[in-house]
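A closer look at the structure
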Amino acid sequence: METISTNTCFGGVQGVYKHASDVTGTDMTFALFLPAEAQDGPVPLLWFLSGLTCTHENAMTKAGAQAWAAEQGIALCFPDTSPRGEGVPDDDAYDLGQGAGFYIDATQAPWDKHFKMWSYIADELPALLGAEFPLDMDRQSITGHSMGGHGALTMAMALKGRFRSVSAFSPILNPTQSDWGRKQFAAYWGDEANWGSHDATLLMQGGGFDGPMLIDTGTDDQFWDLLGTDAFATAFASQRQQGQIRLQQGYDHSYFFISTFMEDHVAFHADALWR
C-alpha cells in the first residue's frame with residue numbers, strides 16, 4: 001500500500017492511499033479520514049460510496065463530512081467508484097465503464113476482468129483497512145450518493161449483520177426499472193435473467209434492513225425519474241422498515257444538497273455505531 005498524501009484535518013488525518021487490488025486486477029485508490037481518537041485505539045468506520053463519474057476525491061473534498069466525523073470520533077472511508085488504468089475497458093457514455101462500476105461484479109466481457117466492485121468493497125478493501133489502520137471493524141455503517149446510495153443500500157440489506165445503520169442521498173432505488181440500471185446491468189451481466197437482486201426495492205420487498213435507515217432526496221432533484229423513490233417508498237412502508245425517507249424541499253442532486261444534510265447523516269450513524 002502506498003500513501004499518496006496525508007493532511008491534518010479537524011484534529012485528525014485525511015489520507016489518500018493506493019494499493020494493488022487482486023479483485024480488480026488494477027491499482028485502486030481510496031481516501032480515509034481518521035479522527036484524533038484513532039491515536040488512542042480503534043474507532044468505528046463509516047463508508048461513503050460515491051456516484052456516477054466520481055472518484056474517491058469528490059465526497060472527500062465536497063461533502064463536508066470530516067468536521068462532523070471528527071466531532072463524533074468516527075472514521076470515514078471514500079473508495080473509488082470503479083477500476084481505472086491502462087487496459088481497463090471504458091465507454092464514451094458517462095454512465096457506463098470507468099466511474100460507473102455500480103458496486104456489482106460484472107460477468108460479461110469486456111467488463112468481467114476488472115469490474116468487480118462488489119467484491120472489492122464488500123471483501124478486499126475492508127480486509128485491508130482492518131489490517132492497516134486503527135479501525136473497529138465490528139462497528140461499521142454505510143452511506144452513499146446516487147449510484148453510491150444504490151450500493152450502500154444493497155450492501156446493507158444483502159450483507160446481514162455487517163452494518164449497524166445505512167443512509168443515502170438521492171439513491172438509485174429501483175435500477176432494474178430505470179435507465180440508470182437496466183443499461184448497466186445489461187452490459188455487465190447480459191440477459192435480464194442474470195441480474196440478481198442488486199435492487200434496493202426488491203431487497204426491501206424481500207425483508208429489508210435489520211437496523212435504522214435514513215434516506216434524503218431533494219424535491220427538485222433533476223434525476224427524480226431515474227431514482228425510483230416511489231416504488232421504494234411503497235416497499236419501505238409495506239415492510240414496516242425502521243427509518244425515514246425524507247423529501248427535502250427545493251434541493252437537487254448536487255453536493256450542495258449532500259453537504260447541507262451531512263451533519264444529520266453522520267450523527268444518525270454515530271448513534272448506531274457507539275451503542
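I will try to describe carefully the structure that is included in this document. (Residues numbered from 1 in each chain as written. Predicted model: local features only at pLDDT ≥ 70, side-chain atom pairs only at ≥ 80, totals over all residues. Heavy atoms only, no water.)

Here's the deal with the overall build of the protein
Counting secondary structure elements, the protein contains nine helices and nine strands. For the protein, whose C-alpha radius of gyration is 17 Å, the value lies close to the compact-globule estimate of 19 Å for 275 residues. C-alpha extents for the protein along the principal axes are approximately 50 × 45 × 35 Å. Burial statistics for the protein: of 275 residues in total, 58% are counted as buried. Pairs at least 24 residues apart make up 72% of the contacts formed inside the protein by residues separated by at least 6 positions. For the protein, the exposed surface amounts to about 10900 Å²; the carbon and sulfur share of it is 46%. Of the charged side chains in the protein, 14 are positive and 34 negative; the average position of the first set lies 5 Å away from that of the second. (Helix = DSSP H or I, 4+ residues; strand = E, 2+ residues; numbered from the N terminus. Rg over C-alpha atoms; globule rule 2.2 N^0.38 Å. Buried < 20%, exposed > 50% of the residue type's maximum accessible area, 1.4 Å probe, protein only. Contact = heavy atoms within 4.5 Å. Areas by Shrake-Rupley, 256 points an atom, 1.4 Å probe, with all protein chains shown as cover. Lys, Arg positive; Asp, Glu negative; His and termini not counted. Charge placed at Lys NZ, Arg CZ, Asp CG, Glu CD.)

Concerning the side chain of S119
With respect to the helices and strands, S119 occurs in helix α3 (residues 117-132). At a separation of 2.5 Å, a polar atom in the side chain of S119 contacts the side chain of D105. If near-sequence neighbours (up to four positions away) are discounted, S119 is found in contact with V23, D105 and E124. (Polar contact = N/O pair within 3.5 Å; in protein donor to acceptor, adjacent residues only side chain to side chain.)

Remarks on the pattern of salt bridges
A complete count under the given rule lists eight salt bridges for this structure. K183 serves as the salt-bridge partner of D95, at 2.6 Å between the closest nitrogen and oxygen. In this pair, D95 is assigned in the loop between β5 (75-79) and α3 and K183 in helix α5 (residues 179-189), connecting sequence segments 88 residues apart. Judged by its relative accessible area of 37%, K183 falls in the partly exposed class. As a salt-bridge pair, D264 and R246 come within 3.0 Å of each other at their nearest N and O atoms. Taken together, the positions of D264 in helix α9 (residues 255-273) and R246 in strand β9 (residues 243-248) put the pair 18 residues apart, joining distant regions of the chain. Residue classification places D264 among the partly exposed residues on the basis of a relative accessible area of 34%. Each of the salt bridges in this network shares a partner with another, and the network as a whole consists of D216, R246 and D264. (Salt bridge = Lys/Arg side-chain N within 4 Å of Asp/Glu carboxyl O.)

Details of the environment of D179
Examined against the element boundaries, D179 turns out to sit in helix α5. For D179 and Q66, which are 113 residues apart along the polypeptide, the C-alpha to C-alpha distance reads 33 Å. When near neighbours in sequence (up to four residues on either side) are disregarded, D179 contacts Q184 and L226.

Brief notes about the pairing of strand β1 (residues 2-9)
Pairing analysis gives seven bridges linking β1 to strand β2 (residues 12-20), with the strands arranged antiparallel. Of the residues in β2, the one forming a bridge with N7 is Q14. Counting the residues in the hairpin turn of β1 and β2 gives two residues, including F10, whose phi is positive at 50 degrees. (Pairing = 2+ DSSP bridges.)

Focus on the nonpolar core
One finds F30, L32 and L129 to be the most contacted residues of the largest nonpolar core, which totals 60 residues. Take this core: its biggest share by element is eight residues, from α3. A59, L76, F261 and M262 belong to the second-largest nonpolar core, a separate cluster that totals 24 residues. (Core = buried A, V, L, I, M, F, W, Y, C linked by side-chain atoms within 4.5 Å.)

Some points on the packing of aromatic side chains
Using the criterion set out here, one finds 17 aromatic pairs in the structure. Residues F30 and F133 carry aromatic rings whose centres are separated by 6.4 Å and whose planes lie at 90 degrees to one another, so their mutual orientation is edge-to-face. One end of the pair, F30, is in strand β3 (residues 27-34); the other, F133, is in the loop between α3 and β6 (135-144), with 103 residues separating them in the sequence. Judged by relative accessible area, F133 falls into the buried class, the value being 10%. On the numbers, 5.6 Å between centres and 25 degrees between planes, the contact of F115 with Y188 is stacked. Here F115 is found in the loop between β5 and α3, whereas its partner Y188 is found in helix α5, with 73 residues between them in sequence. Feature note: the residues F48, F78, F169, Y251, F257 and F261 constitute an aromatic cluster, connected by ring pairs. (Phe/Tyr/Trp six-rings, centres within 6.5 Å; stacked < 30°, edge-to-face > 60°.)

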